[in-house]
Amino acid sequence: MRQILLFILLIGFSSIAMAQPGRGTKWSPEGNAYYFNQNNEIKQYSFADQSIKTIIASDLLTPAGASEPLAVRDFDFSADESKVLIYTNSKRVWRFDTRGDYWVLDLESKSLRQLGKGRPASSLMFAKFSPDAQKVAYVSERNVYAEDLESGKIKALTNTNGTPKLINGTFDWAYEEEFSCLDGFRWSPDSKRIAYWQIDANKIKNFLMINTTDSIYAYTIPVEYPKVGESPSACRIGVVDVKKGKTKWMSVPGDAQQNYIPRMEWADNSQLILQQLNRKQNESRLYFTNAKTGAAKLVYEEKEEAWISIRTDWEDGNMWKWIDGGKSFLWITEKDGWRHVYKISRDGQKETLITTGDYDMISPVLVDEKGGHLYFMASPDQSTESYLYRTALSGKEQAERLTPADQEGSHSYQLTPDAQFAVHSFSNYYTRPMREQISVSNHQALDPGNSIANQFDPSQKESSNVSYISVTTEDGVVMDGWMAKPKNFDPNKKYPTVFNVYTEPAAMTTTNRFGVGRNRLYDGDMAADGYIYLSVDGRGTPAPKGKEWRKSIYRKIGVVNIRDQAMACKKIIETYPFVDAERIAVHGWSGGGSTTLNLLFQYPELYQTGIAVAAVANQLSYDN
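Residues numbered from 1 in each chain as written. Predicted model: local features only at pLDDT ≥ 70, side-chain atom pairs only at ≥ 80, totals over all residues. Heavy atoms only, no water.

A short note on the overall build of the protein
Step number 1: Within the protein, the regular secondary structure consists of six helices and 41 strands.
Step number 2: Against the globule reference of 25 Å for 624 residues, the protein gives a C-alpha radius of gyration of 26 Å, in line with a compact fold.
Step number 3: The principal-axis extent of the C-alpha atoms belonging to the protein is close to 80 × 65 × 60 Å.
Step number 4: The contacts of the protein with a sequence gap of at least 6 include a subset with a gap of at least 24, amounting to 53%.
Step number 5: Side chains of the protein carry 72 positive and 76 negative charges; the gap between the two charge centres is 5 Å. (Helix = DSSP H or I, 4+ residues; strand = E, 2+ residues; numbered from the N terminus. Rg over C-alpha atoms; globule rule 2.2 N^0.38 Å. Contact = heavy atoms within 4.5 Å. Lys, Arg positive; Asp, Glu negative; His and termini not counted. Charge placed at Lys NZ, Arg CZ, Asp CG, Glu CD.)

Focus on unusual backbone geometry
Step number 1: A positive phi angle, close to 80 degrees, is found at T503, a residue other than glycine.
Step number 2: Assignment of secondary structure puts T503 in the loop between β38 (495-500) and β39 (532-537).

Considerations on the confidence of the model for the protein
Step number 1: Predicted confidence across the protein gives a mean pLDDT of 94, with 96% of residues reaching 70 or more.
Step number 2: Segment residues 1-22 is flagged for pLDDT under 50; beyond a separation of four residues in sequence, or across chains, it makes 53 contacts in the model. (pLDDT = per-residue confidence, 0-100.)

Here's the deal with a nonpolar patch on the surface
Step number 1: On the surface, W94, F207, M209, Y219 and I221 cluster together into a nonpolar patch covering about 420 Å² of accessible area.
Step number 2: Sorting the residues of the nonpolar patch by element identifies β16 (206-211) and β17 (219-224) as the ones contributing at least two each.
Step number 3: Relative to the helices and strands, I221 resides in strand β17. (Patch = residues over 30% accessible without salt bridge, like charges linked within 9 Å, V, L, I, M, F, W, Y side chains within 5 Å. Areas by Shrake-Rupley, 256 points an atom, 1.4 Å probe, with all protein chains shown as cover. Salt bridge = Lys/Arg side-chain N within 4 Å of Asp/Glu carboxyl O.)

Regarding helix α5 (residues 560-575)
Step number 1: Look at α5: 22 Å from first C-alpha to last across 16 residues, which is about the 22 Å you get at 1.5 Å a residue.
Step number 2: Where the residues of α5 are buried, they touch β36 (466-472), β37 (478-484), β38, β39, β40 (579-589) and α6 (591-602). (Expected span 1.5 Å × (residues − 1).)

Quick word on a positive patch on the surface
Step number 1: Taken together, K192, K243, K244, K246 and K292 make up a surface patch of like positive charges.
Step number 2: Under the relative-accessibility criterion, K292 is labelled exposed at 65%. (Buried < 20%, exposed > 50% of the residue type's maximum accessible area, 1.4 Å probe, protein only.)

Structural notes on the packing of aromatic side chains
Step number 1: Under the criterion given, the structure shown has 36 aromatic pairs.
Step number 2: When the centroid spacing of 6.1 Å and the interplanar angle of 25 degrees are considered together, the rings of Y138 and Y145 count as stacked. Y145 carries the same exposure label as Y138, and that label is buried.
Step number 3: Ring geometry for F489 versus F578: centroids 4.8 Å apart, planes at 85 degrees, classification edge-to-face. Taken together, the residues F489 in the loop between β37 and β38 and F578 in the loop between α5 and β40 connect sequence positions 89 residues apart.
Step number 4: Residue F578 is classed as buried on the basis of its relative accessible area, which comes to 8%.
Step number 5: Members of the aromatic cluster, connected to one another through ring pairs, are W27, Y34, F36, Y45, F47 and F421. (Phe/Tyr/Trp six-rings, centres within 6.5 Å; stacked < 30°, edge-to-face > 60°.)

A closer look at the nonpolar core
Step number 1: Counting residues in each nonpolar core, the largest one holds 36 residues, and the members touching the most others are Y175, I237, L272, L286, W320 and W331.
Step number 2: The residues contacting Y175, other than those within four sequence positions of it, are S180, C181, I199, C235, N259, Y260, I261 and P262.
Step number 3: M479, I532, A568 and I573 belong to the second-largest nonpolar core, a separate cluster that totals 29 residues. (Core = buried A, V, L, I, M, F, W, Y, C linked by side-chain atoms within 4.5 Å.)

Some thoughts on the sheet that holds strand β27 (residues 351-353)
Strands belonging to one sheet form pairs held by backbone hydrogen bonds; the direction of such a pair is parallel or antiparallel.
Step number 1: With antiparallel pairing, four strands are arranged side by side in an open sheet as β24-β25-β26-β27. For this open sheet the edge positions go to β24 (320-323) and β27, each flanked by a neighbour on one side alone. The average angle at which neighbouring strand axes cross in this sheet is 30 degrees, direction not considered.
Step number 2: The sheet contact formed by β24 and strand β25 (residues 328-333) spans four bridges and is antiparallel. Counterpart to W320 in the pairing with β25 is W331. (Pairing = 2+ DSSP bridges. Axes fitted to C-alpha atoms, helices over the stretch in contact; angles between N-to-C directions.)

A word on the pairing of strand β9 (residues 124-129)
Step number 1: The buried fraction of β9 amounts to six of the six residues, a majority that puts the element mostly inside the structure.
Step number 2: Direction of pairing for β9 relative to strand β10 (residues 135-140): antiparallel, over a ladder of four bridges. Its bridge partner being in β10, F129 is matched across the sheet by V136.
Step number 3: If you look at the hairpin formed by β9 and β10, you'll find five residues sitting between the two strands, and A133 has a positive phi there, around 65 degrees.

Looking at the sheet that holds strand β30 (residues 387-392)
Step number 1: Ordered by their spatial adjacency, four strands build an open sheet running β28-β29-β30-β31, and the pairing between neighbours is antiparallel. Pairing within the sheet leaves two strands with one partner each, and these edge strands are β28 (361-368) and β31 (400-401).
Step number 2: Of the pairings in the sheet, the one linking strand β29 (residues 373-378) to β30 comprises six bridges and is antiparallel in character. By the bridge assignment, H373 is partnered in β30 with A392.

A word on α6
Step number 1: The end-to-end C-alpha separation of α6 is 16 Å, in line with the 16 Å expected for twelve residues at 1.5 Å each.
Step number 2: Among the residues of α6, G591, G592, G593, S594, T595, T596 and L599 are the ones counted as buried.
Step number 3: Contact partners of the buried residues in α6: α5, β40 and β41 (609-613).

Considerations on the pattern of salt bridges
Step number 1: Counting across every chain of the model gives 30 salt bridges.
Step number 2: Here R73 makes a salt bridge to D97, at a shortest N to O gap of 3.7 Å. In this pair, R73 is assigned in the loop between β4 (51-56) and β5 (74-77) and D97 in strand β7 (residues 96-106), connecting sequence segments 24 residues apart.
Step number 3: Taking the relative accessible area as the measure of exposure, D97 reaches 23% and is therefore partly exposed.
Step number 4: Salt bridges sharing common partners tie together E334, D360, R550 and K551.

Overview of the pairing of β41
Step number 1: Direction of pairing for β40 relative to β41: parallel, over a ladder of five bridges. Bridge pairing links H587 to I611 in β41.
Step number 2: As for the winding sense of the linkage, the β-α-β connection from β40 through α6 to β41 is right-handed. (Right-handed = clockwise from strand over helix to strand, strands pointing away.)

Notes on the state of the cysteines
Step number 1: Counting across every chain of the model gives zero disulfides.
Step number 2: Cysteine C181 shares no disulfide, and the gap to the nearest cysteine sulfur, in C235, comes to 8.3 Å. (Disulfide = S-S within 2.5 Å.)

Re the environment of E141
Step number 1: You can see E141 is positioned in the loop between β10 and β11 (143-148).
Step number 2: Taking the relative accessible area as the measure of exposure, E141 reaches 47% and is therefore partly exposed.
Step number 3: In contact with E141, other than residues within four places in its own chain, are R119, P120 and S123.
Step number 4: Within the local environment of E141, its side chain forms a polar contact with the side chain of R119, the two groups lying 2.7 Å apart. (Polar contact = N/O pair within 3.5 Å; in protein donor to acceptor, adjacent residues only side chain to side chain.)

Some points on the packing of α5 against α6
Step number 1: One can describe the packing of α5 onto α6 by two numbers: an axis separation of 10 Å at closest approach and a directional angle of 65 degrees. Between α5 and α6, the angle is such that the two are roughly perpendicular. Of the two elements, α5 crosses α6, and the hand of that crossing is right-handed. Along its contact with α5, which presents N561, I562, Q565 and A566, the element α6 presents T595, N598, L599 and Q602.
Step number 2: When its residues are assigned to classes, the contact of α5 with α6 shows three nonpolar, five polar and no charged. (Parallel < 35°, antiparallel > 145°, perpendicular 65-115°, else oblique. Left-handed = near helix turned anticlockwise from the far one by under 90°. Nonpolar A, V, L, I, M, F, W, Y, C, P; charged D, E, K, R; others polar.)

Written as structure tokens, this is what we have:
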């Protein structure tokens, strides 16, 4: 029975990981339980007794006159938990389901009603309660609206007569694709104002996508798409008074079309904090702006020779994490050669290194101010793996590894806000994904019968056809990777060999997790069909090997990363006589597609064939 409960729990837990609205886990106010959707009911899982109970039954989520409850895509509670926002009937915008319908359930009156009356179906985006739970704001057709929950009155807060290329409260393609910007507005803490992005794409030329499948006559779909060399969309931040409906624009220095603003939030009721990147993305500036006057004050800046990464953010999506009651914030930077966390005073004058040592902090997990610790993922000794570490917020301690030493592979954790409990996930190349609930202090399973320690079988490593390898090229570059050998492998035979590649800053292909060595695009079983399948990560990939490793590709894409792959291929042929040098193939998707083409044309003596999917064949046709 406990295993069944755990299975239900994990389904619910994974379903809220892609939260919309909101981000991340829906914790209870006490922080020792969380909510999840199961079969269109909202349920609560408690760590204390590992129990599951229904909080909102499906009958409360059934509209008047309907026979079925709403199909809950996601949900969010108001701050006082008196109401719950239900997201349903979702539609995709680019990559994600960010458009749909929203309903509000009042938990006191048990009334359920749909928001956005009069708006087109599935047109509402990013709906969220005001902090006082009196209103809900949302975006519809590129404009921001606020709806009063008592009267039902809807107020347009932005210019609804704007062109389709004047985008309020959300973003254009480039901002979403390159900066992970989707939700483009923020409530003030006192619920009186909303800060929002406005993207002006009127000067951006259209790329015409051709639809040949939805009609007997093909037709074009115009998309504002700034290509390489073209100026980006202009961007500015406005603060609108919800009652008066008037916007004050923030006076951020610099050309609005030659600088980006990828991150913004309220610092308090009177100020915003925002990040500005220059066009080359190698200069980052943090500004405080006065919400009433628009005046901007520079508080912190950083410069890099290559680029400044903004994808190593905190659970709320920002680059900073406020601590000390707003007197300081945590900031992730690579300025000393490693990806580290610093504590920065609010005025930007004092810095303290928190994650000390010659290693990369892979990603933050939790800040436990009461306990005085930062929890984060790292792997100082093996770039293909990830483990949970803890260090003092004072910066005066060496990081302590909490993940058991005998569980090699990839781990992830969802810690309760008080850092007492966690859901721990684990897999490696010979172990299917496993999950358990643990007590963080001793990393012990709450249910010993379902503990990873009792189920993990290291002996399975011997029967796997996958092995991890290390290759040192003639250039002295050490590359980690994996090799999947054919079934009934005979070292005296020669086998056709397929390289899986990506090689660019967005992703690694060699992470030690379950599924490596399997090609999901191959129609069949490569191992059964007699292929060697392998992958190695070279310079330019986001491996935790220091800034120089990741940034060496700057202005050398298609050169450094390609040579690393080719030289690794050459070394593998020399090292492993069972690799057939006359039958070498390469394949990849997106950046991997580009790499495939580069390898075929730059090193035809090594690669006989390739499969390039969604490749950028000409860098000038990519977005800017």
